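Notes for the structure review
The primary structure of each chain is shown beneath.
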Amino acid sequence: MRIQGFRSPGDGLRLHLNENTGGCSPRVIEAIRQLTPADIAAYPDYESAVLACAAHFDVDPEWALLTNGLDEGILMTALGSMGRERGGSLEAIVPVPAFDPYLASIAAVGATAIRIPPLADFGFPLEAVLDAITPQTRVVFLNTPSNPTGQAIPRHMLRRVAREAPHAAVLVDEAYVEFAGDSFLDELPRYENVIVGRTFSKAYGLAGMRIGCLIAQPDTLDPIRGVTPVLNLNVVAITALQAALKDTEFLPRYRAQVEESKKRLYATCDRLGLKYWNSSANFVLVRVGSRAASIAAALGARGVHVRDRSGDPHTPGCIRITAGILEHTETASAALEAIISSAAQATRGV
Ligand SMILES: *Cc1c(COP(=O)(O)O)cnc(C)c1O
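Residues numbered from 1 in each chain as written. Predicted model: local features only at pLDDT ≥ 70, side-chain atom pairs only at ≥ 80, totals over all residues. Heavy atoms only, no water.

Moving on, we come to the overall build of the protein. Broken down by element type, the protein carries 13 helices and 13 strands. For the protein, the spread of C-alpha atoms along the principal axes amounts to about 65 × 55 × 45 Å. Residues counted as buried form 54% of the 350 residues belonging to the protein. Intrachain contacts of the protein at a sequence separation of at least 6 include 73% that bridge at least 24 residues. For the protein, the exposed area adds up to about 15,800 Å²; of that, 53% sits on carbon and sulfur atoms. The protein carries 33 positive and 37 negative side-chain charges, and their two centres are separated by 7 Å. (Helix = DSSP H or I, 4+ residues; strand = E, 2+ residues; numbered from the N terminus. Buried < 20%, exposed > 50% of the residue type's maximum accessible area, 1.4 Å probe, protein only. Contact = heavy atoms within 4.5 Å. Areas by Shrake-Rupley, 256 points an atom, 1.4 Å probe, with all protein chains shown as cover. Lys, Arg positive; Asp, Glu negative; His and termini not counted. Charge placed at Lys NZ, Arg CZ, Asp CG, Glu CD.)

Quick look at the structure:
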């Protein structure tokens, strides 16, 4: 049976999809409650939401395209850049390990994905990415900080890629940038082929609403705008977005929790002798070893849902744990510690 969507793992802590584990701002709920039957019956009016979003990113409204989650922005970038000239001869570059929708979107438009493996410790493979650029390249998918590694791409490397692929759209996916604080947005006036992708699913806690935004020079956005459904966001999401942007205290408070949670997770890994990678996002990739799948399952059985990344050849033996509300992180750390130490005792025959 093929059923649409992600199945919920059931009760417990959702630390497997990098959501905001504390929920959205209460102002969002208040705003949604104000909606009337007439509001719901009408096709949505985007203007105020686009203006609010553009003001938030400090760009002209023509530079912003709201999307139904950044997932839609990724698909529309692929479609707008490669959809007209179908055929496997067009190429899109994807440093791996990567967020799955890049590859799915490239496949959807019948283009060829050029996968570039990382350097040691998930360093950004700049030279290999530059070498992969050809006249057929239409999109370069860059993700900083990266999901699943948490590693940021240095700005000078983003600039290099943008300069060396002037004929391609360079999508800089900043889904987690609120946690790292270094956005490429201020460089957009100088790089006409760069599109910055943002989402309100992660730091803002609006994943259930499906709101993302592409930001780029108007001429660069045009082909993407042209293939994006005109009424792609619903009225509840638009209302939620505007309320979320008004709550300026929400983000700093959550960011502080995430920072502290990451430190706790690092400390737990240090105690357990597990390799991890310092993360600029709201999750930590941890190498738990060859039993990763069963450790992830054991965590799930204890109500701590994490992402098993061990099936990806670029993250062997790894799980990815969302870092959010401190109390949740403590629960996750304790569960991980219990599972790893009982496994170690079993190995020693204790
Ligand atoms: C979560 C995520 C997104 C976007 O998510 P949406 O919920 O579709 O906005 C985009 N890129 C990366 C790398 C992500 O992890």
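For helix H9 (residues 218–227), the set of buried residues is Thr220, Leu221 and Ile224. The arc enclosing the buried residues of H9, seen along the axis, measures out at 85 degrees, which places them on a common side. Relative to its buried face, H9 has exposed residues pointing more than 90 degrees away, namely Asp219 and Gly226. On the buried face of H9, the contacting elements are strand E2 (64–67), helix H4 (69–82), strand E7 (194–199) and strand E8 (212–215). (Arc of directions from axis to C-beta.)

What follows deals with the packing of aromatic side chains. With the rule as written, the count across this model stands at nine aromatic pairs. Measuring from centroid to centroid gives 6.2 Å for Phe57 and Phe200, while their planes differ by 40 degrees, and the two rings are tilted. Taken as a pair, Phe57 in helix H3 (residues 47–57) and Phe200 in the loop between E7 and E8 lie far apart in primary sequence, 143 residues in all. Per residue, the accessibility class of Phe57 equals that of Phe200, and both read buried. Seen from their ring centres, Phe179 and Tyr254 are 6.4 Å apart, and the 65 degrees between their planes marks the pair as edge-to-face. Here Phe179, found in helix H8 (residues 177–180), pairs with Tyr254, found in helix H11 (residues 250–272); they are 75 residues apart in sequence, far enough to count as distant. Judged by relative accessible area, Tyr254 falls into the buried class, the value being 5%. What links up through ring pairs into an aromatic cluster is the set Phe57, Phe200 and Tyr204. In this structure, Arg320 is placed above the aromatic ring of Phe283, and the distance from its NZ or CZ to the ring centre is 5.8 Å. (Phe/Tyr/Trp six-rings, centres within 6.5 Å; stacked < 30°, edge-to-face > 60°. Lys NZ or Arg CZ within 6 Å of the ring centre and 35° of its normal.)

A word on unusual backbone geometry. With an omega dihedral of -10 degrees, the bond running from Thr144 to Pro145 counts as a cis peptide bond. Pro148 follows Asn147 through a cis peptide bond whose omega is 20 degrees. Secondary-structure assignment places Pro148 in the loop between strand E5 (137–143) and helix H7 (155–164). Despite not being glycine, Asp58 has its phi angle at roughly 60 degrees, a positive value. Relative to the assigned elements, Asp58 resides in the loop between H3 and E2. We classify Asp58 as exposed; its relative accessible area is 68%. Phi at Phe122 is positive, roughly 60 degrees, even though this residue is not glycine. Within the fold, Phe122 resides in the loop between strand E4 (112–116) and helix H6 (126–132).

Looking now at the layout of surface pockets. Its volume calculated, the largest pocket comes out at about 850 Å³. Lining the largest pocket we find 33 residues, and of these Phe6, Leu17, Asp71, Phe99 and Pro101 sit closest to its centre. With five residues, helix H5 (residues 100–108) is the single largest residue contributor to the lining of the largest pocket. Here the lining of the largest pocket is composed, by residue class, of 13 nonpolar, nine polar and eleven charged. (1 Å grid on protein atoms, 1.4 Å probe; cavity = no way out; pocket = protein on both sides within 12 Å on 5 of 7 lines; lining within 4 Å. Points joined across faces, edges and corners; volume = space filled by probe spheres on them. Nonpolar A, V, L, I, M, F, W, Y, C, P; charged D, E, K, R; others polar.)

Here the focus is the site of the ligand. By nearness alone, 14 residues border the ligand, and Asp173, Tyr176, Thr199, Ser201 and Lys202 come closest of all. A distance of 3.1 Å separates an oxygen atom of the ligand from a polar atom in the side chain of Lys202. When the ligand is considered free in solution it has 390 Å² of accessible area, and contact with the protein chains removes 95% of it. The cavity that encloses the ligand is the largest pocket. Ranked by residues supplied to the shell around the ligand, first place goes to H4 with three residues. Tallied by class, the residues present in the shell around the ligand amount to five nonpolar, five polar and four charged. (Near = heavy atom within 4 Å. Polar contact = N/O pair within 3.5 Å; in protein donor to acceptor, adjacent residues only side chain to side chain. Sits in = over half its atoms within 2 Å of the grid points.)

In this section: the sheet that holds E2. Pairing is mixed across the open sheet formed by seven strands, whose spatial order is E2-E8-E7-E6-E5-E3-E4. Of all the strands in the sheet, just E2 and E4 have a single pairing partner and so form its edges. For this sheet the average axis-to-axis angle between neighbouring strands, irrespective of direction, equals 20 degrees. Relative to E8, E7 runs antiparallel, the two sharing four bridges. Pairing of Arg198 across the sheet is with Cys213, part of E8. (Pairing = 2+ DSSP bridges. Axes fitted to C-alpha atoms, helices over the stretch in contact; angles between N-to-C directions.)

What follows is about the pattern of salt bridges. On inspection of all chains with the given rule, the structure shows 18 salt bridges. Put simply, Glu259 and Lys262 hold a salt bridge, and the shortest N to O gap is 3.2 Å. Residue Glu259 and its partner Lys262 are both found in helix H11; the two are separated by three residues, about one turn of the helix. Overall, the relative accessible area of 33% leaves Glu259 in the partly exposed class. The buried category is assigned to Lys262, whose relative accessible area is 2%. By sharing partners, the salt bridges in this structure join Arg155, Arg159, Asp182, Asp186, Glu187 and Arg190 into a single network. (Salt bridge = Lys/Arg side-chain N within 4 Å of Asp/Glu carboxyl O.)

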